[in-house]
Amino acid sequence: MTLETKLQGDRQLILTRTFAAPPDRVFRAHTEAALVRQWMSGAMGYVVVDCTYDTRPGGSFRVVWEGEDDEMPSFEVSGEFIALDPPHRIEHVERMQMPERTTSDNHIVTEFAADAGGTLMTMTMTFDSSDARHEAIATGMTEGMEACYLQLDTL
């Protein structure tokens, strides 16, 4: 049940992971601010200090993390929902704001499929360029995602 990553072409990153919960619960955990706050907070020494979700096509979201100590810089992810097909699919655009820069938009399609009593999540990230993909991976994004998903497993 760990996050698996695969590069596809020059600009895509495919992430897959299984969860021991049905698709509707995993979908809700990705679209309801109160749930997002629970599983994204505390991982790798970062705490969610702001989390807002307007989960509808055209709606926006924003999650802000602060480090548990002054040595860890705060950062945020924000974006807009393009399309939603509960509990099967989320399409959105997001960007990451870090102290030194803001990333370009990342187009993401996340699909949730029933799989052996749980859910197989497949997330396809399409970046503006191969450099943008490389920079995103270099931030430790996938390690942070897996740390958060381990917390989601307990919800």
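What comes next is a walk through the structure. (Residues numbered from 1 in each chain as written. Predicted model: local features only at pLDDT ≥ 70, side-chain atom pairs only at ≥ 80, totals over all residues. Heavy atoms only, no water.)

Examining the pairing of strand β1 (residues 4-8)
As paired strands, β1 and strand β2 (residues 12-19) are joined by five bridges and run antiparallel to one another. If you follow E4 over to β2, its bridge partner there is T16. (Pairing = 2+ DSSP bridges. Helix = DSSP H or I, 4+ residues; strand = E, 2+ residues; numbered from the N terminus.)

A short note on a negative patch on the surface
Side chains of E68, D69, D70 and E71 sit close together on the surface and give a patch of like negative charge. Structurally, D70 is set in the loop between β4 (60-67) and β5 (75-85). (Patch = residues over 30% accessible without salt bridge, like charges linked within 9 Å, V, L, I, M, F, W, Y side chains within 5 Å. Areas by Shrake-Rupley, 256 points an atom, 1.4 Å probe, with all protein chains shown as cover. Salt bridge = Lys/Arg side-chain N within 4 Å of Asp/Glu carboxyl O. Lys, Arg positive; Asp, Glu negative; His and termini not counted. Charge placed at Lys NZ, Arg CZ, Asp CG, Glu CD.)

Some thoughts on the packing of aromatic side chains
Considering all chains together, one arrives at eight aromatic pairs under this definition. Their ring planes at 80° and their centres at 5.8 Å tell us that F27 and F112 sit as a pair that is edge-to-face. Pair noted here: F27 is in helix α1 (residues 23-31) and F112 is in strand β8 (residues 106-115), with a separation of 85 residues, a long-range link. Through a chain of ring-to-ring contacts, the aromatic side chains of F19, W39 and Y149 assemble into a single cluster. (Phe/Tyr/Trp six-rings, centres within 6.5 Å; stacked < 30°, edge-to-face > 60°.)

Here we look at unusual backbone geometry
The omega torsion of the bond from P86 to P87 falls at -10°, within 30 degrees of zero and hence cis. For A116, which is not glycine, the phi torsion reads 50° and is therefore positive. Turning to its location among the elements, A116 is positioned in the loop between β8 and β9 (118-126). Relative accessible area serves as the criterion here: at 86%, A116 is assigned to the exposed category. (Buried < 20%, exposed > 50% of the residue type's maximum accessible area, 1.4 Å probe, protein only.)

A few points about the environment of D85
For D85, the position within the fold is in strand β5. Taking the relative accessible area as the measure of exposure, D85 reaches 40% and is therefore partly exposed.

Remarks on the pattern of salt bridges
This model, assessed by the stated rule, comprises ten salt bridges. One salt bridge connects R28 with E32, and the closest N-O pair in it is separated by 2.8 Å. Among the residues examined, R28 registers a relative accessible area of 38% and is labelled partly exposed. The salt bridge partner of R62 is D50, with a shortest N-O separation of 2.6 Å. Residue R62 is found in strand β4, and its partner D50 is found in strand β3 (residues 46-53); the two are separated by twelve residues along the sequence. On the accessibility criterion, R62 (32% relative accessible area) is partly exposed. The class for D50 is partly exposed, based on a relative accessible area of 25%. The network of salt bridges with shared partners includes R17, E146 and D153.

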